Amino acid sequence: MQQKPFCQICGGPVREFLDFGKQPLSDRFVAPDSAEPEFFYRLAVGMCEECTMVQLMEEVPRDEMFHAEYPYHSSGSRVMQEHFTQAARTFLGTELTGSDPFIVELGCNDGVMLKTVSESGVRHLGVEPSGSVADVAAASGIRVRKDFFEDATAAAILAEEGPADVIYAANTLCHIPYMESVLRGVQNLLAPNGVFVFEDPYFADIVARTSFDQIYDEHFYFFTVRSVRTMAARHGLELVDAERLPVHGGEVRYTLARAGARRPSTEVAQLLAEEDAQQLTEFATLERFASAVEKRRDELVSLLRRLRDEGRHVVGYGATAKSATVLNYCGIGQDLLAYISDSTPAKQGRLTPGSHIPVLPPERFRSRYPDYAVLFAWNHAEEIMANEEEFRAAGGQWIGYVPGVHVV
Ligand code: SAM
Ligand code: TMP
Ligand code: ZN
């Protein structure tokens, strides 16, 4: 195990507990005729011994991940559309009720949340570096700045638009290694009584469910209430609320305000106590998690090999970024999965990164159901299983691997 000298939050020593080896970019789907070599990096995770922040040991340059062909479209899930409509309505009914309120969203993607804000006429700005999705948002009338959010971006927005009552980021803050710059920017841009609200996968849930596929290039940080509270305090911000969310396999929505501006809710103390009970910052807990990951890999691979040897037709469902870690760490290729069905046009007709399994549209799945489908988009299980009811009616079975390998 390697030791990395510096935590990206506090500069403390980071102790590694899990190594997935060489991995490709999780969202870089390969054209079948491509001659370009794929980008690989070492995917490993550690915890800072000073501030407890869990983080990747190696950073992938941001331009390799977020660019004009970034394929992930947030509006691809109906459940997530509803989730973000609800988030927007909550802001509109609470924080955005003053005169000429202003909301800034980091990583607005295709505008799934800002659409509701824009329709209400409230002043808003999405900051989104990936041109593919920023253009979709802009085409639906949302104001978008095609840029990475960092301190210079925040200063420019402040100069042009004034302070923000809400700064919001969903599944984006954990993607940004250069947190020092981002939080300086937030501190600068936020109105005196403004809030910085962000939601990301919850490390406590990842450990509890051994959902190791949440670990990939784009997910640089794995937040806990404890590490977020410490991180905020370094920048004159205070964690005033923490709400558990059921989406994406278990997340927390954190609310930060300027220190002393608001009273922390009881949920903050409650979740801190739960994290202590789970011994989340004990290295032994992290080592047990790492062992459980290896066991999960072995169980999944054994099942898929057995099904192949029995001559079953097995495919994957959902060419998620998460699946890149599963496929490459487990060594699953086209010998074990014939193809992966995915509804995203930008992924269809391409090969999965590293493992080179063809990605095909759901129409292909429906035209001849396989015997089994591994559900890589397990965070959308309810929605997908409802959409694909006929698969099971025709005798097909789903294979899941969170919180354990199972067939339903
Ligand atoms: N908010 C959407 C959601 O929850 O579905 C999109 C999440 S997507 C996984 C992460 C987004 O963050 C991408 O669209 C990416 O381009 C964007 N992003 C990455 N770095 C960023 C930065 N520094 N500032 C703003 N957006 C960033
Ligand atoms: P996510 O888990 O990162 O949100 O990615 C979900 C992936 O699964 C994305 O590539 C779209 C795909 N998908 C389907 O193919 N069918 C569906 O019904 C849903 C909700 C997602
Ligand atoms: Zn640290």
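All values reported here derive from a predicted model rather than from experimental measurement. (Residues numbered from 1 in each chain as written. Chains lettered and ligands numbered in written order. Predicted model: local features only at pLDDT ≥ 70, side-chain atom pairs only at ≥ 80, totals over all residues. Heavy atoms only, no water.)

Asks: How do you make sense of the site of ligand 1 when you look at a structure like this?
Replies: By nearness alone, 20 residues border ligand 1, and Ser74, Gly107, Glu128, Ser130 and Asn171 come closest of all. Here an oxygen atom of ligand 1 sits 2.8 Å away from a polar atom, N or O, in the side chain of Asn171. Coverage of ligand 1 by the protein chains reaches 97% of its 600 Å² of free accessible surface. Classifying every residue of the shell around ligand 1 by side-chain character gives eleven nonpolar, seven polar and two charged. (Near = heavy atom within 4 Å. Polar contact = N/O pair within 3.5 Å; in protein donor to acceptor, adjacent residues only side chain to side chain. Areas by Shrake-Rupley, 256 points an atom, 1.4 Å probe, with all protein chains shown as cover. Nonpolar A, V, L, I, M, F, W, Y, C, P; charged D, E, K, R; others polar.)

Asks: Any chance you could explain the UniProt feature "domain: C-methyltransferase" (unreviewed entry) in the protein here in plain terms?
Replies: The UniProt record marks residues 246–403 with the feature "domain: C-methyltransferase" (unreviewed entry), using the residue numbering of this structure. Along residues 246–403 one finds 42% helix and 15% strand; the C-alpha atoms at either end are 15 Å apart. (UniProt positions renumbered as here; feature names shortened; annotations may be inferred. Helix = DSSP H or I, 4+ residues; strand = E, 2+ residues; numbered from the N terminus.)

Asks: Looking at this model, I keep getting lost on the coordination of the zinc ion (ligand 3). Mind explaining?
Replies: Only Cys7 (SG), Cys10 (SG), Cys48 (SG) and Cys51 (SG) from the protein reach the zinc ion (ligand 3) as donors, at distances of 2.2 to 2.3 Å. Each of the four donor atoms around the zinc ion (ligand 3) contributes to a set of angles spanning 99 to 116°, which defines the coordination as tetrahedral. (Donors = N, O, S within 2.8 Å, 3.2 Å for Na, K, Ca; no water. Tetrahedral: all angles 85-135°; square planar, octahedral: opposite > 155°, others 65-115°.)

Asks: Is there a simple way to explain the site of ligand 2 in this structure?
Replies: What surrounds ligand 2 is a group of 18 residues, the closest being Tyr72, Lys322, Asp342, Lys347 and His380. In this structure, Thr344 approaches ligand 2 through a side-chain N or O atom, which is 3.3 Å from an oxygen atom. In the complex, the protein chains occlude 92% of the 490 Å² of accessible area that ligand 2 would expose alone. The element contributing the most residues to the shell around ligand 2 is helix H13 (residues 381–387), with three residues.

Asks: What should I look at first to understand the pattern of salt bridges in this one?
Replies: It is possible for side chains of opposite charge to pair when their charged atoms get near one another. By the definition in use, this model includes 27 salt bridges. Between Glu161 and Arg123 there is a salt bridge, with its nearest N and O atoms 3.7 Å apart. Of this pair, Glu161 sits in helix H5 (residues 151–161) while Arg123 is found in strand S6 (residues 123–127), placing the two residues 38 residues apart along the sequence. You can call Arg123 partly exposed: its relative accessible area is 23%. Linked by salt bridges that have partners in common, Asp100, Arg123, Arg143 and Glu161 make up one network. (Salt bridge = Lys/Arg side-chain N within 4 Å of Asp/Glu carboxyl O. Buried < 20%, exposed > 50% of the residue type's maximum accessible area, 1.4 Å probe, protein only.)

Asks: Just checking my understanding: could you explain unusual backbone geometry for this structure?
Replies: Negative phi is the rule for most residues except glycine; trans is the rule for most peptide bonds. Each neighbour pair has its own omega, and for Val402 with Pro403 the value is 5°, a cis peptide bond. Along the polypeptide, Pro403 turns up in the loop between strand S17 (397–400) and strand S18 (406–407). The phi torsion at His248 lies on the positive side, around 50°, for a residue other than glycine. Tracing the backbone through its elements, the reader meets His248 in the loop between strand S11 (237–245) and strand S12 (251–258).

Asks: What exactly am I supposed to notice about the side chain of Asp27 here?
Replies: On the secondary structure map, Asp27 appears in the loop between strand S2 (14–24) and strand S3 (40–48). Despite its burial, Asp27 pairs with no opposite charge, the nearest such side chain being Lys347 at 4.1 Å. When residues no more than four places from it in sequence are discounted, the contact partners of Asp27 are Tyr70, Pro71, Tyr72, Glu218, Ala321 and Lys347. (Lys, Arg positive; Asp, Glu negative; His and termini not counted. Contact = heavy atoms within 4.5 Å.)

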